[in-house]
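Listed below are the residues making up each chain.
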Amino acid sequence: MADRIMLNETSYHGAGAIQEIAAEAKARAYKKAFVCSDPDLIKFGVTGKVTDVLDNAGLAYKIYSDIKANPTIENVQHGVQAFKDAEADYIIAIGGGSSMDTAKAIGIIIANPEFEDVRSLEGTAPTKNPCVPIIAVPTTAGTAAEVTINYVITDVEKKRKFVCVDPHDMPVIAVVDPDMMESMPKGLTASTGMDALTHAIEGYTTKAAWEMTDMFHLKAIEIISRSLRSAVANEKEGREGMALGQYIAGMGFSNVGLGIAHSMAHTLGAVYDTPHGVACAMMLPIVMEYNADSTGEKYREIARAMGVKGVDDMSQEEYRKAAIDAVRQLSEDVGIPAKLDAIKEEDLDFLAESAHEDACAPGNPKDAGVEDLKELFRKIM
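Just so you know, these numbers come straight off a predicted model, no measurement behind them.

Novice: Could you give an account of the sheet that holds strand β4 (residues 90-95), with specific residues and numbers?
Specialist: Taken in spatial order, the six strands of this open sheet run β1-β8-β5-β4-β2-β3, and their pairing is parallel. Unpaired on one side and paired on the other, β1 (10-13) and β3 (60-64) mark the two borders of the sheet. Averaged over all adjacent pairs, the angle separating strand axes in this sheet is 15 degrees, with direction ignored. One ladder, built from five bridges, connects strand β2 (residues 32-37) with β3; its direction is parallel. Across the sheet, residue cysteine 36 finds its bridge partner in β3, namely tyrosine 64. Across the sheet, helix α1 (residues 20-27) lies against β1, β4, β5 (134-138) and β8 (173-176), angled at about 165 degrees from β1, the strand it touches most.

Here's what the structure looks like:
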C-alpha cells in the first residue's frame, strides 16, 4: 500500500508573511472573505493586522467571531448560516486550532450540504467536494491546523469531542507569520508548544510512521525542544522557532495520525474543558512510558533531538528513560502542571471508554484497552 503525503498548495513563512494574503486573494479572483476569528483576537487587535491588509487592498470581508476555545456543533451551525448570509466565497481563518477547526467544518458543509448534520462528519466522512477555499493564519504555535486534514468539534450534549479526518478540509494557503503570535500569553505559548511536541513525538512513533514523516517529526522535535523555553520568555528567536517547528510537526502527523496521548487529551477537554495543550503535556510522558517497549530504537532519536548528550553510549532502558525525562523537564520548565485535580474516580469509566473510541487511539504503537486507559488516567489524579 502506498504512503500518502498531503500538504498545503502554498505556504508562506516568516515575519510579515500576512502581506501576501492580498496578492493571493486577487490572483485567485476571490471576491469576499469570511473571516473566522475568536473574540479575544479581535478585541486585542490581532485580527486587525489581517483585516488591515484586506482594507488596504480594497478587498471585501465579513467577520465571524462566534467561536469558542473548544468549538461546538452550535458554533459550526451558526457559522454555516453566517457564511451564507455574508455571500462570501472564501474563508480566512485567524487564530489557533479553534478558529481553524470551526472554519474547516463550515467550509466542508457549505461545499457538501448533505453533511449539514455536524455529527455526520465524525471520522472519515465520504465528502465529495473540497471545502470552501481557506487561507489559514495561525496565531498560536501548536495545533498546526493550517497544514492538517484534521479538525475537532465538541459535542456538548454528549460530553465528548469527535475528530474529523478529511483531505477535503486542507487549507489551500497557510500563512505562518511569527508576528501574529507575539501577543500570546505565557501560559498559552507553553500549552500550545507542548501540543506541538506531542504531535511530533506521537507522529514519530505511530503505527503508520514512515521515513518521510520521521524526517519531519525529528526535525520538529529538535526545533521545538530548543525554542519553547525561549518562546515562553517571549523572545523573538523562540517565537520564530516555534512557528516553524509546529508547522513541520503538522506536515508529518496529519499524514500518519497520532496516538492515545491525544485521544485522552480530547476526552479531558470535552469533560473538564481542560486546555488541549495542557492535557497533551500531562499525558505525553505517561503515554511514552506505556509505549516504550513498542518503539524499538526511536526513543534514542527523540532523546538526541531533545539535546540529550551521550545517547549512543546508553542502554535501551537508559535512552528511553532519558527521552521521557527530557519531555517531563521541558513541560515543568514551561509551567505545565503534572496533575489534574478535576478528575474523579467515578469519571474514569467514561473517560477511558471515550478515549478508546477516539479516532486517534488506533494509531498508538501499543494497543490500549479501556482498563489500560483507566490506569493511565489515574496517573494524573
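Novice: Before we move on, can you summarise α1 with the specific residues and values?
Specialist: Along α1, the residues that are buried comprise Ile21, Ala22, Glu24 and Ala25. End-on, the buried residues of α1 take up no more than an arc of 165 degrees, which puts them together on one face. Exposed side chains of α1 directed beyond 90 degrees from the buried face belong to Lys26 and Ala27. Contacts made by the buried residues of α1 are with β1, α3 (46-56), β4, β5 and β8. Residue alanine 29 follows α1 closely and has a positive phi angle near 60 degrees.

Novice: Describe the packing of aromatic side chains, and please don't skip the residues or the numbers.
Specialist: All chains considered together, the criterion is met by three aromatic pairs. Note on tyrosine 30 and tyrosine 90: the rings are 4.5 Å apart at their centroids and 25 degrees apart in plane angle, and the pair reads as stacked. Linking tyrosine 30 in the loop between α1 and β2 with tyrosine 90 in strand β4, this pair joins segments that are 60 residues apart in sequence. With relative accessibility at 13%, the residue tyrosine 30 sits in the buried group. Note on phenylalanine 34 and tyrosine 64: the rings are 5.4 Å apart at their centroids and 20 degrees apart in plane angle, and the pair reads as stacked. Pair noted here: phenylalanine 34 is in strand β2 and tyrosine 64 is in strand β3, with a separation of 30 residues, a long-range link. Using a relative accessible area of 0% as the deciding quantity, one classes phenylalanine 34 as buried. Note on tyrosine 64: relative accessible area 7%, which makes it buried. Feature note: the residues Phe34, Tyr64 and Phe83 constitute an aromatic cluster, connected by ring pairs. The lysine or arginine in question, lysine 366, covers the ring of tyrosine 290, its NZ or CZ lying 4.4 Å from the ring centre.

Novice: So what about the packing of helix α9 (residues 260-272) against helix α13 (residues 348-357)? Which residues, and what values?
Specialist: Orientation of α9 relative to α13, taken along the N-to-C sense of each, is 130 degrees, at an axis distance of 8 Å. It follows from the interaxial angle that α9 and α13 lie oblique. Pair α9 / α13 crosses with right-handed handedness. Contacts between α9 and α13 pair Ser263, Met264, Thr267, Leu268, Val271 and Tyr272 from the former with Phe350, Leu351, Ser354 and Ala355 from the latter. A breakdown of the residues in the contact of α9 with α13 according to their chemical character gives seven nonpolar, three polar and no charged.

Novice: Let's hear about the state of the cysteines: which residues, and what values?
Specialist: Scanning all chains against the criterion turns up zero disulfides. Just so you know, cysteine 164 is unpaired, no disulfide at all, and the nearest cysteine sulfur is the one on cysteine 360, 11 Å from it. Using a relative accessible area of 1% as the deciding quantity, one classes cysteine 164 as buried.

What counts as what
- Residues numbered from 1 in each chain as written.
- Predicted model: local features only at pLDDT ≥ 70, side-chain atom pairs only at ≥ 80, totals over all residues.
- Heavy atoms only, no water.
- Pairing = 2+ DSSP bridges.
- Helix = DSSP H or I, 4+ residues; strand = E, 2+ residues; numbered from the N terminus.
- Axes fitted to C-alpha atoms, helices over the stretch in contact; angles between N-to-C directions.
- Contact = heavy atoms within 4.5 Å.
- Buried < 20%, exposed > 50% of the residue type's maximum accessible area, 1.4 Å probe, protein only.
- Arc of directions from axis to C-beta.
- Phe/Tyr/Trp six-rings, centres within 6.5 Å; stacked < 30°, edge-to-face > 60°.
- Lys NZ or Arg CZ within 6 Å of the ring centre and 35° of its normal.
- Parallel < 35°, antiparallel > 145°, perpendicular 65-115°, else oblique.
- Left-handed = near helix turned anticlockwise from the far one by under 90°.
- Nonpolar A, V, L, I, M, F, W, Y, C, P; charged D, E, K, R; others polar.
- Disulfide = S-S within 2.5 Å.

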